[in-house]
Amino acid sequence: MVLDYTAHDSEVAIERVRCLVIGSGAAGLWTALHAADGGPVLVITKATVTESSTNYAQGGIAISTPPEDSPELHARDTLAAGAGLCDEPAVAVLTREGPRRVAELMDYGAQFDQIDGQLLCRREAAHTRSRIIHAMGDATGAEVQRALTEAVRKHPGITVWEFTQALRLLVVDGEVVGADAVRTATGERVRIVADVTVLATGGVGALYKVTTNPLVANGDGMALALRAGATLEDMEFVQFHPTALACDETPAPLLTEAIRGEGAILLNTRGERFLGRYHPMAELAPRDVVSRAEFLEMERLGAEWCLLDLRPIPREQMVANFPHVLQMLSERGLDAFAQAIPVRPAAHFVMGGIATDLDGWTGLRRLYAAGECACTGVHGANRLASNSLLEGLVFGYRAARAARGEPPLAEDLLAAVGKLEPAAVPAVAPAVAEQVRQLMWKRVGIVRDAEGLQAAAEELGNLRRQASRSPWPSCEEAETANMVDIAYVIARAALARQESRGAQYRTDFPETRDQWRCHLRVRRSPDGDLEFSGRPVALLEPSLGE
Ligand SMILES: Cc1cc2nc3c(=O)[nH]c(=O)nc-3n(C[C@H](O)[C@H](O)[C@H](O)COP(=O)(O)OP(=O)(O)OC[C@H]3O[C@@H](n4cnc5c(N)ncnc54)[C@H](O)[C@@H]3O)c2cc1C
């Protein structure tokens, strides 16, 4: 059928593709590569193709290698970190399918550090085995991004549009039929009509004043999905990385956790080791415990940072394994061999996201999500280190496989999308972004309580209500509105969960409570506010944790 767009705004270009992937990190590019067998794929991405959290990842990818390790042991560590909220079927998929996906990634050209043909594995916090493979010592994400970008560029069935921001999903009769986007370099408006759409827009670190994430990680995909009628889940669980360099940069440069795995120690500003007072595993405790301990220690001493002392690691080992961290420090005039390095926690990863099944399906017809923007329940209340690049590969593959099976748009849908008026989306002045970041850091951060969360929810609710609406707001206004919406969801979810668990710590509910062993789901209510519901944790029989 020839598309009839006569009723459509002539200033909006039309692009017809089989599959639209929004986002060009590990999840987006991997999904594109595997979806391309089903027909032409268009990847759109907000900045350059390489500007993603993926590109900044340092430590590595967790996969089990026999005989010392197994998917079951990897699963057990994942469950332990997840504090009772991991969905066991998702964990089983991640840990069983992970090694195969990584082997395929290597077939696509990713090179991981090896000796004599054996992948080098190291240990990270909360892992009971050395199972983290890595590239160039501490530049794993850059290598993954490089390999996938090259593979996608070479693929005849995949087109990448950089500097193209998705503004809204197109929904006709409950089916998602693509997205409206703006090519930010030229201002061109494009309606992308797709048989299937995959959101791979990453996380929410940019909602916080201090973050390791690039600014593109501001929750766009989650906001678009929520508005289209999808469900978000586990949004209260935001992970703070304990060792970002204490500085004014965004993103804050990271000192990978692998450094503590190899012997670095954390000190307070008095030069005292303190983690032993908070957890028996001290430096190797789960990252939420370490971040919280740092926060409390900083509060106790009125300090702005803690200190990471890398000098217990032999110099040659440091140079061989962490060359990029050393270079990053030296570029800032810091010498890790001569001084302890000032570090502090930073918003790093969101366990929650767009609720999907194990094939990335969001519950809205033709809409899938993969990677950090999605929530399969695999991370529970706290992600195990180095499980998230793996998540993008495993669930991106599954989403692509399912996407290939989606039928082409029926003729009546095609006709309808041509005539669809662009729905107005919220717009908020870009200056508000800084207000949101400060507020989230102060009130919805590492340590929370009802008073602070309530105040944050009210302030964000007001900002939401004051948002103007426009069919084509500026990209910055749309981004800021998305930040406000998702910050509001996080604050409300954190307020609703009256317990401490994993990454959520509330001083007014310091205990983990059995009645809260469930996922918190959120949807848009008919009046435009939010409605919450619970979902039981999915378990296997026998349990993976046994
Ligand atoms: C500093 C750092 C270190 C890390 N280290 C590790 C590690 O060692 N191991 C590990 O497993 N994980 C690590 N992580 C986490 C991991 O990197 C991320 O969770 C993962 O890379 C997310 O991949 P993704 O493809 O889902 O999203 P991203 O890689 O963040 O990609 C999201 C993409 O979506 C695009 N996008 C967003 N909104 C829009 C829009 N509206 N329109 C168009 N495009 C849009 C962005 O431009 C970007 O291309 C680290 C993260 C950081 C920040």
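If you're wondering where the values come from, they're calculated on a predicted model, not measured in any experiment.

How each quantity is defined
Residues numbered from 1 in each chain as written. Predicted model: local features only at pLDDT ≥ 70, side-chain atom pairs only at ≥ 80, totals over all residues. Heavy atoms only, no water. Pairing = 2+ DSSP bridges. Helix = DSSP H or I, 4+ residues; strand = E, 2+ residues; numbered from the N terminus. Disulfide = S-S within 2.5 Å. Buried < 20%, exposed > 50% of the residue type's maximum accessible area, 1.4 Å probe, protein only. Contact = heavy atoms within 4.5 Å. Axes fitted to C-alpha atoms, helices over the stretch in contact; angles between N-to-C directions. Parallel < 35°, antiparallel > 145°, perpendicular 65-115°, else oblique. Nonpolar A, V, L, I, M, F, W, Y, C, P; charged D, E, K, R; others polar. pLDDT = per-residue confidence, 0-100.

## Side note on the sheet that holds strand β7 (residues 132-133)
Part 1: As summarised here, the arrangement of the three strands in space is β3-β7-β6, forming an open sheet in which the pairing is antiparallel. Each edge of the open sheet carries a strand with a single partner, namely β3 (61-62) and β6 (121-122).
Part 2: Both β6 and β7 contribute to a ladder of two bridges, which runs antiparallel. Each bridged residue has a counterpart across the sheet, and for Cys121 the counterpart in β7 is Ile133.

## Concerning the pairing of strand β22 (residues 518-524)
Part 1: Sheet topology note: the strand β12 (residues 232-233)/β22 ladder contains two bridges and is antiparallel. When the sheet's bridge partners are listed, Leu232 is paired in β22 with Val522.
Part 2: Pairing of β22 with strand β23 (residues 530-536) involves seven bridges; the strand directions are antiparallel. By the bridge assignment for β23, Val522 is matched with Phe532.
Part 3: Where β22 folds back onto β23 in an antiparallel hairpin, the turn is made up of five residues, including Gly528, whose phi is positive at roughly 90°.

## Structural notes on the state of the cysteines
Part 1: Under the criterion given, the structure shown has zero disulfides.
Part 2: Cys375 provides the cysteine sulfur closest to Cys373, a residue in no disulfide bond, and the two sulfurs are 11 Å apart.
Part 3: On the accessibility criterion, Cys373 (0% relative accessible area) is buried.
Part 4: Left unpaired, Cys375 is separated from the closest cysteine sulfur, that of Cys86, by 10 Å.

## Points about the environment of Val49
Part 1: Its place among the elements puts Val49 in the loop between β2 (41-44) and α2 (53-56).
Part 2: For Val49, a relative accessible area of 5% puts it in the buried group.
Part 3: The spatial distance from the C-alpha of Val49 to the C-alpha of Glu162 is 5.9 Å, given a sequence separation of 113 residues.
Part 4: The residues touching Val49, leaving out its near neighbours within four places in the chain, are Ser24, Leu29, Gln145, Thr149, Arg153, Val160 and Glu162.

## Observations regarding the packing of helix α6 (residues 220-228) against helix α15 (residues 475-496)
Part 1: The geometry of α6 relative to α15 is characterised by a closest axis approach of 9 Å and an angle of 75° between their N-to-C directions. One element, α6, and the other, α15, form an angle in the roughly perpendicular class. Where α6 approaches α15, its residues Asp220, Met222, Ala223, Leu224, Leu226 and Arg227 are matched on the opposing element by Glu479, Ala481, Asn482, Asp485, Ile486 and Val489.
Part 2: Class assignment of the residues belonging to the contact of α6 with α15 gives a composition of seven nonpolar, one polar and four charged.

## Some remarks on α6
Part 1: Here α6 lies mainly inside the structure; eight of its nine residues are buried.
Part 2: Listed as buried for α6 are Asp220, Gly221, Met222, Ala223, Leu224, Ala225, Leu226 and Ala228.

## Observations regarding the confidence of the model for the protein chain
Part 1: Averaged over all residues, the pLDDT of the protein chain equals 95, while 98% of them reach at least 70.
Part 2: Least confident of the elements in the protein chain is helix α7 (residues 258-261), whose mean pLDDT is 88; most confident is strand β18 (residues 367-369), at 99.
Part 3: A low-confidence stretch, residues 1-7 (pLDDT under 50), is modelled with 13 contacts involving residues beyond four sequence positions or located in other chains.

## Thoughts on the packing of helix α4 (residues 88-107) against helix α11 (residues 388-404)
Two quantities define a packed helix pair, namely the angle between the helix axes and the distance between the axes.
Part 1: Look at α4 against α11: their axes get within 8 Å of each other, and the N-to-C directions meet at 95°. The orientation of α4 relative to α11 falls into the category roughly perpendicular. When α4 is examined against α11, the residues Ala90, Val93, Leu94, Glu97, Gly98, Arg101, Val102, Glu104 and Leu105 are found in contact with a partner set consisting of Leu390, Glu391, Leu393, Val394, Phe395, Tyr397 and Arg398.
Part 2: Considered class by class, the residues forming the contact of α4 with α11 number 10 nonpolar, one polar and five charged.

## Overview of the side chain of Asp485
Part 1: Assignment of secondary structure puts Asp485 in helix α15.
Part 2: In this structure, Asp485 is in contact with Arg227, Pro426 and Arg464, ignoring residues within four places of it in sequence.

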